[in-house]
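Each chain is listed here by its residues.
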Amino acid sequence: MSKIKVCGLTNLEDAKQAAEVGADLLGFIFAKSPRQVTNREVAKISKELPAGVKKVGVFANQSKAEIKETITKCDLDYIQLHGSESPKFCKQFRLPVIKAFRVKDKTSLSQLREYEVDKYLLDTYVPDKLGGTGKTFNWELAIQAKKYGSIIMAGGLEASNVKLAVKKVSPWAVDVSSGVEVKPGKKDYEQVKEFVESVESTG
Ligand SMILES: O=C(O)c1ccccc1N[C@@H]1O[C@H](COP(=O)(O)O)[C@@H](O)[C@H]1O
């Protein structure tokens, strides 16, 4: 079964609930975003989470020093680089790196071969928006991207479409942010639960 990443968490209540209902990875956005969090906030949340759930820090075009400081202060397990970080930049960290690629068409996939990273996250290309778009992309391209390595599907996933995504692509993980929110940064418990149940129903 694909793993589940719930992203864009900004508070302890939502993070704990997501972990309790079965999320495997929790994402915290340190990049500029309506869901942006601080080291101080995530360090506090991090201490209260159950053992086993993985904490992912999401960054976009931030400095190596800033990312390293956050890794230590927030006790992260993965970093997600969601900007235009180079293949060389991605190789400088002690943690596994998830590199995000914004998919527009099949030419978007050609960059993946240049990156030696732990996971390839595919998100939807929307001009002037780095992430959290709530839009899906052509999932045939996600199937093609699997030849480069382990992939995480993101972009516009929600309880009503994630089952089809998992069945069609069988990614290493699915990632949801705006699809389970009441407003940017605030999750809806029922929608998170439904999302997890939809993935679990795929076996
Ligand atoms: O959510 C944001 O605001 C954001 C800002 C900067 C970089 C990444 C961001 N979100 C990531 O976008 C994908 C998909 O989101 P959605 O489910 O379509 O809303 C997810 O990986 C978020 O971490």
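Residues numbered from 1 in each chain as written. Predicted model: local features only at pLDDT ≥ 70, side-chain atom pairs only at ≥ 80, totals over all residues. Heavy atoms only, no water.

- An unreviewed UniProt entry annotates the protein as N-(5'-phosphoribosyl)anthranilate isomerase of Halobacteroides halobius.
- Per its UniProt entry, the protein bears the Sequence similarities (unreviewed entry) comment "Belongs to the TrpF family."
- Of the protein, the UniProt comment under Catalytic activity (unreviewed entry) reads exactly: "N-(5-phospho-beta-D-ribosyl)anthranilate = 1-(2-carboxyphenylamino)-1-deoxy-D-ribulose 5-phosphate". (UniProt positions renumbered as here; feature names shortened; annotations may be inferred.)

1. Quick notes on the pattern of salt bridges
When charged atoms on two side chains of opposite charge get close, those side chains can pair.
Piece 1. The tally for this structure, following the rule as stated, stands at twelve salt bridges.
Piece 2. Across the salt bridge formed by E69 and K73, the nearest N and O atoms sit 2.6 Å from each other. Here the residue E69 and the residue K73 both occupy positions in helix 3 (residues 64-74), the gap between them amounting to four residues, near one helical turn.
Piece 3. As a salt-bridge pair, E85 and K99 come within 3.5 Å of each other at their nearest N and O atoms. In this pair, E85 is assigned in the loop between strand 4 (78-81) and strand 5 (97-103) and K99 in strand 5, connecting sequence segments 14 residues apart.
Piece 4. The class for K99 is buried, based on a relative accessible area of 2%. (Salt bridge = Lys/Arg side-chain N within 4 Å of Asp/Glu carboxyl O. Helix = DSSP H or I, 4+ residues; strand = E, 2+ residues; numbered from the N terminus. Buried < 20%, exposed > 50% of the residue type's maximum accessible area, 1.4 Å probe, protein only.)

2. Observations regarding the pairing of strand 1 (residues 3-6)
Side-chain direction in a regular strand flips from residue to residue, so the side chains alternate between the two faces of the sheet.
Piece 1. Looking at chain direction, strand 1 and strand 8 (residues 173-176) are connected through four bridges and run parallel. Opposite I4, over in strand 8, you have V174 as the bridge partner.
Piece 2. In this structure, strand 1 lies alongside strand 2 (residues 25-29), joined through two bridges in parallel fashion. Paired with V6 across the strands is L26, a residue of strand 2.
Piece 3. Note that the unit made of strand 1, helix 1 (residues 12-21) and strand 2 has a crossover that is right-handed. (Pairing = 2+ DSSP bridges. Right-handed = clockwise from strand over helix to strand, strands pointing away.)

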